[in-house]
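Summary of the model geometry
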Amino acid sequence: MNDRMNAAIQKLRDIQDKNLIGGGQQHIDRQHKRGKMTARERIDCLIDPGTFKELGSCVQTTGYRIDGRKSDAPCDGAIIGTAKVDGRLTAVYASDFTVLGGSLGTQHIQKCAQLINMAAQWGIPMVWLLDSSGGRLGYTDLPTAGVDWYFALISRYSGLIPQITALMGPCIAGQAYAPVLCDFLFMSRGTSNLWLGGPRMTEAATSEKISADVGGADYHMKYSGTCDVVGENDEDNIKKVRKLLTYLPANYREMPPLMPTSDSPEREVADLVEIVPDQFDQSYDMYQVIKEIVDDGKYFDIKETYAPNLITCFCHFNGQAVGLVACNRSRPGSILEIDSCDKYYKFLQVLDAYNLPLVCLVDTSAYVPGQEQEEIGLLRHIGKILDLYATSTIPKVSVVLREAYADAGSMIMGGSRGMGVDVCFSWPVARFAVQASTFNLKNELDMGLENDAYEGYLNRSREKIDVFEVAESWTAHVVDEIIEPKDTRKKIIEGLEIAKNKKETFLPRAKTHGTSPV
């Protein structure tokens, strides 16, 4: 080996060694004092040990401030590469907050964009470990022309490969669009913030003082619904990302991985009759039902405290990954409204994109009526679920536990054959109805035959058609089979087996989408 090659190799090693410590030990210590991991520690937490293959490891830029000062930017604050997560290849990007606050420079943007392109071409998931102060303000290297490309690529590859963001620090202004464009957003409690305009920016622009809690993980979980999962800290957040990946395929062409289980598909669940009261005015915990019927009692909740009247979670039946949607009767009436419609819609989009079957546990009354919900567009939100449910091509299995009333229970929860459910089961106590009974009640109220509208509505809502009457006249349109509660698990597994090879196509069209309500 000649001297020229030796010198080049040594230079490469020197740059890589320097880049390994990012912004230096002082900034690493500061990151740890804030209760946060460094970018490379986060990558190590996510991946199988020793599998990270870095790309762009020798990038080393210099940031020039407008006042003429300069700062080194190892890797330009972006660490990218591929690694294995539970043995499956995954693309990983981590912003390095120890390097100029993880801000976006031109090289930083280019590295991200190239990794998204490669992940889509290779057909592997993309995980973003985000902790960044946003655009590199105050520097001559302001990448405004690159951010639009960054957003466009995330959008264009949406539904082709799973894209997951784990936010563990600030994310402000324009960059805040990136996490919400991904399939899932995980946020660390106490250290992550997602703002279009943070407290200082908002006060400077409008004089409004907003709470520091606005934009935090719990805020976006409970109020805005932007966050899907909250982690207690960086490690917990990343471990939950690892768990989610076990339910997802590598890309839209593949099926989700099978999970080995010793839980028998023939297992009976006799305790369900003790958990679910046969009196319709008594509530119960739907999570207990889910634990009883899924493999090993394990599930992965999505948007747990947002619109909690509807449960959306991932689980396994006989090793097969599915998405489960259930009415939560521990919440008053489990009535569906705008927030729960949004929650359901996004979840169903993900299931249909990545070939995950939908299982619905139905026990719901009608949509909540009232002026407030009408004014803010309840009909539009119902309509977009109707549109997506009817056009989704994944296997769909439903079980009606007690009530399937009106549009909520009979259509978008899979209690009606005409909407596209593949197999619909029902417990013997179940009751069905259409919205017409409400209009009949209205006529009686108009005629002065009922003094108390509230009591009248409740009484009328119990005068429904039970499942045995359905069997006499509606069977072809509603229920495929009446089952005993103890057989719920094995019947769901039977339904999934029946529908697993379904091929559903629609009339060909040049565009890949319709015009669903917004």
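Residues numbered from 1 in each chain as written. Predicted model: local features only at pLDDT ≥ 70, side-chain atom pairs only at ≥ 80, totals over all residues. Heavy atoms only, no water.

Let's shift gears to the overall build of the protein. Of the regular secondary structure elements, the protein holds 19 helices and 20 strands. For the protein, with 518 residues in total, the buried portion stands at 51%. A fraction of 74% describes how many contacts in the protein between residues 6 or more apart in sequence connect residues 24 or more apart. Carbon and sulfur atoms provide 52% of the accessible area of the protein, an area that totals close to 23900 Å². (Helix = DSSP H or I, 4+ residues; strand = E, 2+ residues; numbered from the N terminus. Buried < 20%, exposed > 50% of the residue type's maximum accessible area, 1.4 Å probe, protein only. Contact = heavy atoms within 4.5 Å. Areas by Shrake-Rupley, 256 points an atom, 1.4 Å probe, with all protein chains shown as cover.)

For the structure shown, the criterion picks out zero disulfides. The thiol of C315 is not disulfide-bonded; the next cysteine sulfur, from C313, is found 5.0 Å away. (Disulfide = S-S within 2.5 Å.)

We now examine the sheet that holds strand β1 (residues 53–55). The mixed open sheet is built from seven strands, whose spatial order is β1-β4-β5-β6-β7-β9-β11. The open sheet is flanked by β1 and β11 (229–231), the only strands paired with a single partner. Direction aside, the axes of adjacent strands within the sheet are offset by 20° on average. Where strand β7 (residues 163–167) and strand β9 (residues 184–188) come together, four bridges link them in parallel fashion. Within the sheet, the bridge partner assigned to I164 lies in β9 and is F184. Seen against the sheet, helix α3 (residues 39–46) touches β1, β4 (78–85), β5 (88–95) and β6 (126–130) and runs at an angle of roughly 160° to β5. (Pairing = 2+ DSSP bridges. Axes fitted to C-alpha atoms, helices over the stretch in contact; angles between N-to-C directions.)

Relative to each other, helix α12 (residues 338–353) and helix α14 (residues 378–391) sit at 20°, their axes nearing to 9 Å. On the basis of the axis angle, α12 is roughly parallel to α14. In terms of crossing hand, the pair formed by α12 and α14 is left-handed. For the pair α12 and α14, the contacting residues are I338, C341, D342, Y344, Y345, L348 and Q349 in the first and L378, H381, I382, K384, I385, L388 and Y389 in the second. Looking at the contact of α12 with α14 residue by residue, the classes come out as ten nonpolar, two polar and two charged. (Parallel < 35°, antiparallel > 145°, perpendicular 65-115°, else oblique. Left-handed = near helix turned anticlockwise from the far one by under 90°. Nonpolar A, V, L, I, M, F, W, Y, C, P; charged D, E, K, R; others polar.)

One finds L129, F314 and Y344 to be the most contacted residues of the largest nonpolar core, which totals 60 residues. With seven residues, the top contributor of residues to this core is α12. Those residues in contact with F314 that sit more than four places away from it in its chain are F184, L244, Y247, L248, Y299, F300, I302, V322, G323, F347, L351 and L356. Within the second largest apolar cluster, 35 residues are counted, among which are C112, L115, M126 and A176. (Core = buried A, V, L, I, M, F, W, Y, C linked by side-chain atoms within 4.5 Å.)

The next thing to look at is the side chain of N19. For N19, the location among the structural elements is in helix α1 (residues 3–20). Each residue touching N19, except ones within four places of it in the same chain, is listed here: R40, S57, C58, V59, Q60, P74 and C75.

The next thing to look at is a nonpolar patch on the surface. Together, Y177, V180, L181 and L196 give the surface a local cluster of nonpolar side chains, amounting to about 360 Å² of exposed area. With respect to the helices and strands, Y177 occurs in helix α6 (residues 177–181). Here Y177 falls in the partly exposed class, since its relative accessible area comes to 42%. (Patch = residues over 30% accessible without salt bridge, like charges linked within 9 Å, V, L, I, M, F, W, Y side chains within 5 Å. Salt bridge = Lys/Arg side-chain N within 4 Å of Asp/Glu carboxyl O.)

Our focus in this paragraph is the packing of α3 against helix α9 (residues 234–245). At a minimum axis distance of 9 Å, the contact between α3 and α9 shows a crossing angle of 40°. In terms of axis orientation, α3 runs oblique to α9. Crossing hand, α3 versus α9: right-handed. Across the interface between the two elements, R42, C45 and L46 from α3 touch D234, E235, I238, K239, V241 and R242 from α9. When the residues that make up the contact of α3 with α9 are grouped by side-chain class, the tally is four nonpolar, no polar and five charged.

Now for α1. Along its 18 residues, α1 runs 26 Å from first to last C-alpha, staying within 8% of the 26 Å computed at 1.5 Å per residue. For α1, the capping residue at the N-terminal end is N2, with a side-chain oxygen 3.2 Å from the backbone nitrogen of R4. Downstream of α1 by one or two residues, G22 has phi in the positive range, about 55°. (Expected span 1.5 Å × (residues − 1). Polar contact = N/O pair within 3.5 Å; in protein donor to acceptor, adjacent residues only side chain to side chain.)

For the protein, the mean per-residue pLDDT works out to 85, and 83% of the residues sit at or above 70. Counting contacts from residues 436–447, a segment whose pLDDT is below 50, to residues more than four positions away or on other chains yields eleven contacts. (pLDDT = per-residue confidence, 0-100.)

Although it is not a glycine, L100 adopts a positive phi angle of roughly 50°. Examined against the element boundaries, L100 turns out to sit in the loop between β5 and α4 (106–122). The exposure class of L100 is partly exposed, given its relative accessible area of 24%. Positioned with a positive phi, A307 is a non-glycine residue whose angle comes to about 45°. You can see A307 is positioned in the loop between β12 (299–302) and β13 (310–317).

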